[in-house]
Amino acid sequence: MLIQVNAVHPQIQHQAEDRPLYQVFLLPDPVEAMVDFTLYRTTAASLLFLSPYQHLTWIKSFSRPVMQVLFHGDFYCIEYHKKEVACNGLLFNNIYLQPFVAVPAATYLEIERIIRNMGQELNTDTPFSAAVVKAYLQLLLALSSKEKRQQIDLGAVAEGAEMPEGFTFQQLLETNFSVQRSVNFYAERMNLTSDVFSRKIKNQLGRLPSTLIQERVVLESKKLLHLTYLSVKEIALKLHFDDEHYFSRYFKKYVGVSPTDFRLQVGISIAASK
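Predicted model, so just to flag it, every value in this text is computed and none were measured.

Undergrad: I'm lost on helix H9 (residues 244-255) in this one. Help?
TA: It helps to recall that an α-helix has 3.6 residues per turn; residues three or four apart then point in one direction. Spanning twelve residues, H9 covers 16 Å between terminal C-alpha atoms, matching the ideal 16 Å at 1.5 Å per step. For H9, the full list of buried residues reads Phe247, Tyr250, Phe251 and Val255. Down the axis of H9, the buried side of the element spans an arc of 110 degrees, and every buried residue falls inside it. Away from its buried face, by an angle of more than 90 degrees, H9 presents the exposed residues His245, Arg249 and Lys253. Measuring from the backbone nitrogen of His245 back to the side-chain oxygen at the start of H9 gives 2.9 Å, which picks out Asp243 as the cap.

What follows is the structure, given as C-alpha cells:
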C-alpha cells in the first residue's frame, strides 16, 4: 500500500522501526525516542518526521495512542512537491535539525482532524479518493513546515551567537563531505585540536562530528539512489569511495540494507534526473 494511517498503541512500542516509507507521527504527549541512534526528548505535543530507512526506537511508553501516517515516495514525492510545501530539508532530509516539530494546541487539533479525514477517505472507494488524500497530506506538510520555519526563524539569531563553531562546521561539511570524512581535517581547518573540536561540536549540535560526517554521507547516498539513475558504482565514485563494494558495505552498516535493496524498496523518484 502506498499510504496508510494507523493508531500506534503503547504496547506496540520499544520496537525498532526501519521502513522504506516516509513517516509522520502525531504525538499528544512528551516522548523519548532514538532516531538514527540519537536520543531526543520532547516536552509538549509534537510531530515526528522520518525519511525512508531512518532508524526509530521508542524509549518511553506512550500514555495515549498516537497517530501515524506512512506514505511511499510513489504516492507523494517530497522532492517533486517541494515548491508547494517547502518541507524537503525542513521536515525531512536534514541532519542538522531535530526531526520533531512542537505544535500549539490549535495546530495540533487541525492536524489531528486532517489525519482522521485521511483515514476516513482511505476507507472509501471513489475515483477521487487518492487526490483527496494527497491534498490532505499536502496541507499537513504545509502546516508543519510553517510551524518549523517559525521556530527556526525565532531561534536563528541566538543560535548563531551561541554556536559559532557549529555553524562553521556545517558550512565546511557541506562543502567537503564527499571528499573529506576525517574529523582531523575539519578540526585543523578550524584551528582546533580533535578533542576540543569534537567536544564543542557535540555541545553545540548534539552529536559528535564523526556522526554528523557519516550522516551527511549517508543522506547524500540516499538522495543519489532515490533522485538519480546513477548506478551504485557511479554513486560510489561521485562520493569518492575506493570502489562500489566498500561503498555498499559502508551504506549497509549505517542504513541496514544495501544500496541496491534501498533503491528497490524506496524506488527512483519521479523527480529523478538521468
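Undergrad: When you look at the layout of surface pockets in this model, what are you seeing that I'm missing?
TA: Empty space among the atoms becomes visible once a probe the size of a water molecule is rolled across them. In this structure, the second largest pocket spans a volume of roughly 470 Å³. Considering the residues around the second largest pocket, the lining is formed by 31 residues, among which Asp36, Gln54, Ile95, Glu215 and Lys222 are closest to the centre. Of all the elements in the fold, those that place two or more residues in the lining of the second largest pocket are strand S5 (38-41), strand S6 (46-50), helix H7 (209-227) and H9. Counting residues per element, the lining of the second largest pocket draws most heavily on H7, at six residues. A class-by-class count of the residues in the lining of the second largest pocket yields 16 nonpolar, nine polar and six charged.

Undergrad: Is there a simple way to think about the side chain of Gln68 in this case?
TA: Residue placement: Gln68 occurs in strand S8 (residues 66-71). What makes Gln68 buried here is its relative accessible area of 2%. One polar contact links Gln68 to Gln23, side chain to side chain, over a distance of 2.9 Å.

Undergrad: Hey, could you run me through the pairing of strand S3 (residues 22-27) in this one?
TA: Consecutive residues of a regular strand have side chains that alternate between opposite faces of the sheet. Taken across its six residues, S3 has six buried, putting it largely inside the fold. Neither face of S3 is open: one carries Tyr22, Val24 and Leu26, the other Gln23, Phe25 and Leu27, and all of them are buried. In this sheet, S8 lies alongside S3 in antiparallel orientation, the contact comprising five bridges. Bridging across to S8, Gln23 finds its partner in Leu70. Across five bridges, the pairing between S3 and S6 is antiparallel.

Undergrad: Teacher, can you tell me more about the packing of aromatic side chains here?
TA: For any pair of aromatic rings, the description rests on two quantities: the centre-to-centre distance and the angle between the ring planes. Throughout the structure, instances matching the rule amount to 17 aromatic pairs. With a centroid separation of 5.3 Å and 15 degrees between ring planes, the pair formed by Tyr22 and Phe71 is classed as stacked. In this pair, Tyr22 is assigned in strand S3 and Phe71 in strand S8, connecting sequence segments 49 residues apart. Like Phe71, Tyr22 is buried. Between the aromatic rings of Phe49 and Phe92, the centroid separation amounts to 5.5 Å while the plane-to-plane angle is 85 degrees, which identifies the pairing as edge-to-face. With Phe49 in strand S6 and Phe92 in the loop between helix H1 (82-85) and strand S9 (100-102), this residue pair connects regions lying 43 residues apart in the sequence. Every member of this aromatic cluster is reached through a ring pair, and the members are Tyr53, Phe241, Tyr246, Phe247, Tyr250, Phe251, Tyr254 and Phe262. Sitting above the plane of the Phe241 ring, Arg181 keeps its charged end 4.0 Å from the centroid. Seen from the ring of Phe177, Arg216 lies directly overhead, with NZ or CZ sitting 4.1 Å from the centre.

Reading the values: the criteria
Residues numbered from 1 in each chain as written. Predicted model: local features only at pLDDT ≥ 70, side-chain atom pairs only at ≥ 80, totals over all residues. Heavy atoms only, no water. Helix = DSSP H or I, 4+ residues; strand = E, 2+ residues; numbered from the N terminus. Expected span 1.5 Å × (residues − 1). Buried < 20%, exposed > 50% of the residue type's maximum accessible area, 1.4 Å probe, protein only. Arc of directions from axis to C-beta. Polar contact = N/O pair within 3.5 Å; in protein donor to acceptor, adjacent residues only side chain to side chain. 1 Å grid on protein atoms, 1.4 Å probe; cavity = no way out; pocket = protein on both sides within 12 Å on 5 of 7 lines; lining within 4 Å. Points joined across faces, edges and corners; volume = space filled by probe spheres on them. Nonpolar A, V, L, I, M, F, W, Y, C, P; charged D, E, K, R; others polar. Pairing = 2+ DSSP bridges. Phe/Tyr/Trp six-rings, centres within 6.5 Å; stacked < 30°, edge-to-face > 60°. Lys NZ or Arg CZ within 6 Å of the ring centre and 35° of its normal.

Interpretation note: all reported values are geometric properties and have no functional meaning in isolation.
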